[in-house]
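Residue-level structural notes
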Amino acid sequence: MKVLVLGAGQLARMMALAGKPLNISVKAYDVGSLQVVDPLNTRVVYGDLSAGINDADVITAEFEHIDHQVLAQCEASGKLKPSSNAIKTGGDRRLEKQLLSNNNVANAKHAIVTCKQSFDKAMATLELPIIFKSALEGYDGKGQWRIKSADQVETIWQDIADFLKSANPEKPQAIIAEQMVPFDREVSMVGVRKADGSTLAYPLTENHHTNGVLSVSLALASNQTLQNQAAEIFDKVANGLNYVGVLAIEFFQVGEQLLVNEIAPRVHNSGHWTQQGADVCQFENHLRAVCDLPLGNTELIRPSAMVNVLGIDTLPDEILSIPSVSMHWYGKTQRAGRKMGHINVSGSNKEELFERLIALAKLLPSQDFPEVLSYVTAKA
Ligand code: AMP
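Residues numbered from 1 in each chain as written. Predicted model: local features only at pLDDT ≥ 70, side-chain atom pairs only at ≥ 80, totals over all residues. Heavy atoms only, no water.

1. Some words on the packing of aromatic side chains
Within the structure shown, the criterion is met by five aromatic pairs. Between tryptophan 145 and phenylalanine 163, the aromatic rings sit 5.1 Å apart at their centres with planes inclined by 70°, giving edge-to-face as the arrangement. You can see tryptophan 145 sitting in strand E8 (residues 144-147) and its partner phenylalanine 163 sitting in helix H7 (residues 153-165), a full 18 residues away along the chain. Taking the relative accessible area as the measure of exposure, tryptophan 145 reaches 13% and is therefore buried. Ring geometry for tyrosine 202 against tryptophan 273: centres 6.1 Å apart, planes inclined by 85°, an arrangement best described as edge-to-face. Of this pair, tyrosine 202 sits in the loop between strand E11 (199-201) and strand E12 (205-210) while tryptophan 273 sits in the loop between strand E15 (257-264) and helix H9 (274-277); the two residues are 71 residues apart in sequence, bridging distant segments of the chain. Since its relative accessible area comes to 1%, tyrosine 202 is described here as buried. We classify tryptophan 273 as buried; its relative accessible area is 1%. Ring pairing ties together the aromatic residues Phe119, Phe132 and Trp157, which thus form one cluster. (Phe/Tyr/Trp six-rings, centres within 6.5 Å; stacked < 30°, edge-to-face > 60°. Helix = DSSP H or I, 4+ residues; strand = E, 2+ residues; numbered from the N terminus. Buried < 20%, exposed > 50% of the residue type's maximum accessible area, 1.4 Å probe, protein only.)

Below you can see the structure in the form of C-alpha cells.
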C-alpha cells in the first residue's frame, strides 16, 4: 500500500517508520515547499501534489491546519481518510464546539467573540477567570489570552480586537471565550476507528504541560470507570465524524468527570509512548485503519512515559544506559522551543517506571527540561 500524508513533520516520519515492516510506503506532502517528499530524509519525490495524489492508494494527514483547497483536491480523488470535514473540525474551534454540542459531550462553558458586543456578552455570561482562544490556527497555547481580574478587561480586549482586525478576510477568524476549568489534571485518550465503525482506544494518558506545551505524558493502568467514560466520549466524537484513523481527545478531569478540551484528528504527541508501551503503536494503528487492515491491540503492556525534547539536538549518552529508555530524534534543524524528539521510558510496574523516570530526569539538563524532575518526583 502507498500512503500520502499531508504534512511532512515528525508525525509523518513516525508513520513512515511504522509502515516499513508492513510494506506500507509513506510519502509526505510538505505544506511549506508544496512538494511531495520522503518523510525520513526529506528528499523530493514529486514536485507537486497532483503526482503524489495519483501515486497514492490512501491519503491522510498529520495536522489539521491544512489549506482547504488542498483538502478538496485530495477528497476529490476519493482517497482521503479521515474526511476533510473531520480534519477541518479539528482545525476550527467553532466546528469543534458544535460537534461536541451535537453529540452531547461535556465541555467548558463558552461563547463566541467576533466583535465588542459579543465580547461584552461573553464577559457578562462567563465568570472570571476566562481564557480566550483563536478559532483558527491555534495550537500549543498559541493565539490565547487570559483574563484573571477585572482590571485586565480593557487591555485584553484591545489585543483581541487587534488580532481580529489583522486576520485574513478570506479566513474569518473568531475567538472562543471559555470559562477556565479548575481541573485536577489533564488527560487524553488516543483511539482508532475503522470505516466499518469498529473502535479501539489506548489507556488514558496523564499529560503535564509547561508553558502551554506538552512536556511529559504518563500511561499507567488507570481507573476503569474513567477509562470507560473517556471511551464512550471517544466513540461519540469518532462516530459523529464518521472518522477513519487515529483521533486524540484532550480532557480536563474535574473530580470524576471528564470535560473535553480539544480534539486532534490525527496521531498525537500524548500517544508517542505507545511505541514502547503497547503491542501496536498509534502510528501503525493509524496506517492499519486508513488502509482498512485489522486493528492492533491497544492495551497497555507495561507502564510507560514520554518526555518531550524541545529546542535541543543533543542529550547525554548516559540516558541510554537506563533500562527501557528509547530515544526518538526527529532529524530536524534546531530552533528554540521546537519539538526535536522524545524519550520513552517503560517499567514492568509503576515503581520501576518511576525509578527509571527519575534517573532519566536527573540526567537531563534542567534548564531544557523545566518541571520534569519535580513533576515525575511528585507523581512517584
Ligand atoms: P489548548 O490549546 O486549548 O489545549 O490550551 C492549552 C492549555 O491551556 C491547556 O493544555 C490547559 O492547560 C490550558 N487551558 C486551556 N483551556 C482551558 C480552560 N478552559 N480551563 C483551564 N485551563 C485551560
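2. Structural notes on unusual backbone geometry
A cis geometry characterises the amide bond from lysine 81 onward to proline 82, with omega recorded as 0°. Tracing the chain through its elements places proline 82 in the loop between helix H3 (68-76) and helix H4 (84-90). In this structure, proline 129 follows leucine 128 across a cis peptide bond, with omega equal to -5°. Tracing the sequence through the fold places proline 129 in the loop between helix H6 (116-125) and strand E7 (130-134).

3. Topic: the state of the cysteines
Inspection of the entire model under this criterion finds zero disulfides. Free of any disulfide, cysteine 74 has its nearest cysteine sulfur in cysteine 291, 15 Å distant. No disulfide involves cysteine 291; its sulfur sits 14 Å from the nearest other cysteine sulfur, which is in cysteine 281. (Disulfide = S-S within 2.5 Å.)

4. Overview of the packing of H6 against H7
One can describe the packing of H6 onto H7 by two numbers: an axis separation of 11 Å at closest approach and a directional angle of 140°. Considering their axes alone, H6 and H7 lie oblique with respect to each other. The two elements H6 and H7 meet at a crossing, and its hand is right-handed. Of the residues in H7, those in contact with Lys116, Phe119 and Met123 of H6 are Val153, Glu154, Trp157 and Ile160. (Axes fitted to C-alpha atoms, helices over the stretch in contact; angles between N-to-C directions. Parallel < 35°, antiparallel > 145°, perpendicular 65-115°, else oblique. Left-handed = near helix turned anticlockwise from the far one by under 90°. Contact = heavy atoms within 4.5 Å.)

5. Let's talk about the sheet that holds E7
Strand pairing in a sheet is mediated by backbone hydrogen bonds. Such pairs are either parallel or antiparallel. One open sheet holds the four strands; their spatial order is E6-E9-E7-E8, and the pairing between them is antiparallel. Each edge of the open sheet carries a strand with a single partner, namely strand E6 (110-113) and E8. Neighbour-to-neighbour, the strand axes of the sheet open up by a mean angle of 20°, direction not taken into account. By the bridge criterion, five bridges tie E7 to strand E9 (residues 175-179) in an arrangement that is antiparallel. (Pairing = 2+ DSSP bridges.)

6. What to know about the site of the ligand
Around the ligand sit 16 residues, and of these Lys133, Gln144, Glu178, Val181 and Glu186 come closest. Here an oxygen atom of the ligand and a side-chain polar atom of arginine 93 are 3.2 Å apart. Lysine 133 is positioned with one of its side-chain polar atoms (N or O) 2.8 Å from an oxygen atom of the ligand. Contact with the protein chains covers 94% of the free accessible surface of the ligand, which is 470 Å². Only E7, E8, E9 and E15 provide two or more residues apiece to the shell around the ligand. Its residues placed into classes, the shell around the ligand shows five nonpolar, five polar and six charged. Counting the residues that make up the shell around the ligand, at least three belong to each of domain 2 (109-179) and domain 3 (185-379). (Near = heavy atom within 4 Å. Polar contact = N/O pair within 3.5 Å; in protein donor to acceptor, adjacent residues only side chain to side chain. Areas by Shrake-Rupley, 256 points an atom, 1.4 Å probe, with all protein chains shown as cover. Nonpolar A, V, L, I, M, F, W, Y, C, P; charged D, E, K, R; others polar. Domains from an automatic or database assignment.)

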